[in-house]
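# A closer look at the structure
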Amino acid sequence: MYRDPVQSLEAPLLPSSATAMRPLRVGMIGIGTVGAGTFHVLARNQALIAARAGRGIKLVVVCARSLARAMNVVGKDVALTNDPMQVATHPDVDVLVEAAGGTGPARDWVLAAIRAGKHVVTANKALLAEHGNEIFAAARQHGVAVAYEGAVAVSIPIVKALREGLTANRIEWVAGIINGTTNFILSKMRDEGLGFAEALAQAQALGYAEADPTFDIEGIDAAHKISLLSANAFGMPVRFADAQVEGITALQGLDVACAEQLGFRIKLLGVAKRRKEGDTEGVELRVQPALVPATHLLAHVNGSMNAVMVKGDASGVTMYYGAGAGSEQTASAVIADLVDVARLDGTHAGQRVPHLGFHPQALDEQLAVLPRAAVHTRHYLRVPVHSAQQIEAVGAWLAAQHVPVLQVALAHDKALPPGSGPQVLVLTDAVAQATVDLAVHALAAHPAVAGPVVTLRVETLEG
Ligand code: HSE
């Protein structure tokens, strides 16, 4: 049994203010997957959490659409209301947990709470990707904290790792599998041969998917998350609007099979990479289905699991792995943020970990996202041809178009669906997207080519 921290600490160690002695009072908007998980874990690990925080953490008021359903979750000791603004500005609330999701009303509630002097904890990546710069500025103005560990790869403390554990490093890149739903779908399609729709329905039934699963399958959710990680890695504002986003809806099973033949697996990756080459300086910020070597650790991250890799100049590559979705998995992060708030409440704002890991005056407002044409990676191309003999012609033609060809192969018959013609598979060395786009555009008119050319990026993510 953990001892009550307030009773058991030696008197000189105790903060003198009464604020630090009483429990941190939490108001919560939303008691769905995230909210209910947070309530259950807070209740189950109450003493342990208080022992770590130095004070209790107590849910005092919840806003829910259905009060009866909310009462079923939290019981009779927590006040209930239908009015989110009442929670956001409640005089008995020290910290607002925004667990409702969405961006419009959630922005208003969060800003109202900040103006009322409340700290905010949220796992709402869409909100912070779209309105984070505004919300963090308001929080600075009012001297409160906005904590969001649960917004990225829920169970993995990656925001803390970037903001605190890796502060010595010049970060070169951050990359990972940061959407559980799409990773679940890709794993089911590859391992069990499920169709896309069936795999998506399973992910939804397990509570992994967003309310609008388009956000998952079109890569938007992953883009929200990588935009937040990029800001923390490179000391730039949140630049979600500039991210290049591609989901998995256009991905063909044929390419999954052809990638396997070449020794790769396809994963939906979020990538933020700092680049400085000659006149090109900026950040690649992108989400796309990409080939990773089958031997790479990321290739073995399956189901709804997430993994993030960070390359720092001093640390080298570090990797973080854990559940990317789920009720208590998200609660783990939300409560970690509440513990942080319980510890920092009453301290001077300048002494706290900055919202984006860099002091606001030190954020590089000029550091921009590079345009798609400037993104520089290896590529996979699949070129449908009229005859297998044309393999050499395709390779030579691409090389003549300044595409650095590393390997050319014919797709094995077992990778091809019945009735499909021959397919030339090409792996390139690193090359600007603009060069690939021009070559593919011109290739469409080549007499050897029998259909649309597919291109996917290849990420080796080496130390
Ligand atoms: N829909 C998200 C995912 C939930 O699948 O990863 C956690 O952010």
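All residue numbers refer to positions counted from 1 along the written sequence of the respective chain. Under the rules for a predicted model, residues below a pLDDT of 70 receive no local features and side-chain atom pairs below 80 are neither given nor counted, while totals for whole chains, interfaces and linings still include all residues. Side-chain metrics rest on all non-hydrogen atoms present in the structure, leaving aside hydrogens and water.

Turning to the domain arrangement of the chain, a few remarks are in order. The split of the chain into domains comes from an automatic or database domain assignment. Annotation of the chain at the domain level lists domain 1 (5–154 + 329–362), domain 2 (158–323) and domain 3 (373–458). Facing the 22 residues of domain 1 at the interface are 23 residues of domain 2. Whenever Lys or Arg places a side-chain nitrogen within 4 Å of a carboxyl oxygen from Asp or Glu, that contact is recorded as a salt bridge. Here Asp221 makes a salt bridge to Lys125, at a shortest N to O gap of 3.4 Å. Throughout this description, a polar contact denotes any pair of N or O atoms lying within 3.5 Å of each other; where both atoms belong to protein, one of them has to be capable of donating a hydrogen while the other can accept it, and for residues adjacent in sequence the pair is counted only when both atoms sit in side chains. Taken together, domain 1 and domain 2 are joined by 10 residue pairs in polar contact (both at pLDDT 80 or more). The way it works is that DSSP assigns letters per residue, a run of H or I at least four long becomes a helix, a run of E at least two long becomes a strand, and they are numbered from the N terminus. Elements with a minimum of two residues in the side of domain 1 that touches domain 2: α8 (125–142) and α15 (327–344). The greatest single-element share of the side of domain 1 that touches domain 2, amounting to seven residues, is contributed by α8. Classes in brief: Ala, Val, Leu, Ile, Met, Phe, Trp, Tyr, Cys and Pro nonpolar; Asp, Glu, Lys and Arg charged; the others, Gly included, polar. When the residues that make up the side of domain 1 that touches domain 2 are grouped by side-chain class, the tally is 14 nonpolar, four polar and four charged. Contacts were defined at the residue level, with two residues in contact if any of their heavy atoms lie within 4.5 Å.

Now for the layout of surface pockets. Cavity and pocket criteria rest on a 1 Å grid covering protein atoms alone: a 1.4 Å probe that fits but cannot get out defines a cavity, protein on both sides within 12 Å along at least 5 of 7 lines defines an open pocket, and an atom within 4 Å of a point defines a lining residue. Grid points are joined across faces, edges and corners, and a volume is the space filled by probe spheres set on the points. Taken as a whole, the largest pocket spans an internal volume of roughly 1,200 Å³. If you go around the largest pocket, you meet 47 residues; those closest to its centre are Thr33, Val34, Ala99, Ala100 and Gly101. Per element, the largest residue contribution to the lining of the largest pocket is three residues, and it comes from helix α5 (residues 67–74). Three or more residues apiece are contributed to the lining of the largest pocket by two domains, here domain 1 (5–154 + 329–362) and domain 2 (158–323).

On to the nonpolar core, then. Working definition of a nonpolar core: buried Ala, Val, Leu, Ile, Met, Phe, Trp, Tyr and Cys residues. They are joined through side-chain atoms within 4.5 Å. Whether a residue is buried, partly exposed or exposed follows from its accessible area with a 1.4 Å probe, protein chains only, as a fraction of its type maximum: under 20%, in between, or over 50%, in that order. Counting 87 residues, the largest nonpolar core has Ile114, Ile158, Val310 and Tyr380 as its most contacted members. A total of eight residues in this core trace back to one element, the largest contributor, which is helix α13 (residues 220–234). What Val310 contacts, discounting residues up to four positions off in sequence, is Ile158, Leu162, Leu166, Ile171, Trp173, Val174, Gly316, Val317, Thr318 and Tyr320. Within the second largest apolar cluster, 29 residues are counted, among which are Ile31, Ala123, Ala147 and Val341.

The axes of two packed helices give the description: the angle between them and the distance between them. It is at 9 Å that the axes of helix α4 (residues 46–53) and α15 come closest, and there the two elements cross at 40 degrees. Judged by the inter-axis angle, α4 sits oblique to α15. Crossing geometry of α4 relative to α15 is assigned as right-handed. On α15, the residues touching Ile49, Arg52 and Ala53 of α4 are Ile335, Val339, Ala342 and Arg343. Here the contact of α4 with α15 is built from residues that sort into five nonpolar, no polar and two charged. Between the N-to-C directions of two axes lies an angle of 0 to 180 degrees, each axis being a line fitted to C-alpha atoms and, for a helix, fitted only over the stretch in contact. These descriptions rest on fixed angle ranges, namely under 35 degrees for roughly parallel, over 145 for roughly antiparallel, 65 to 115 for roughly perpendicular, and the rest for oblique. What makes a crossing left-handed is the near helix being turned counterclockwise from the far one by less than a right angle; a clockwise turn instead makes it right-handed.

Turning to the confidence of the model for the chain, a few remarks are in order. Confidence of the prediction at every residue is given by pLDDT, a number between 0 and 100. Here the chain shows a mean pLDDT of 94. Residues at 70 or above account for 96%. Throughout residues 9–16 the model reports pLDDT below 50, and contacts reaching past four residues in sequence, or to other chains, amount to five contacts.

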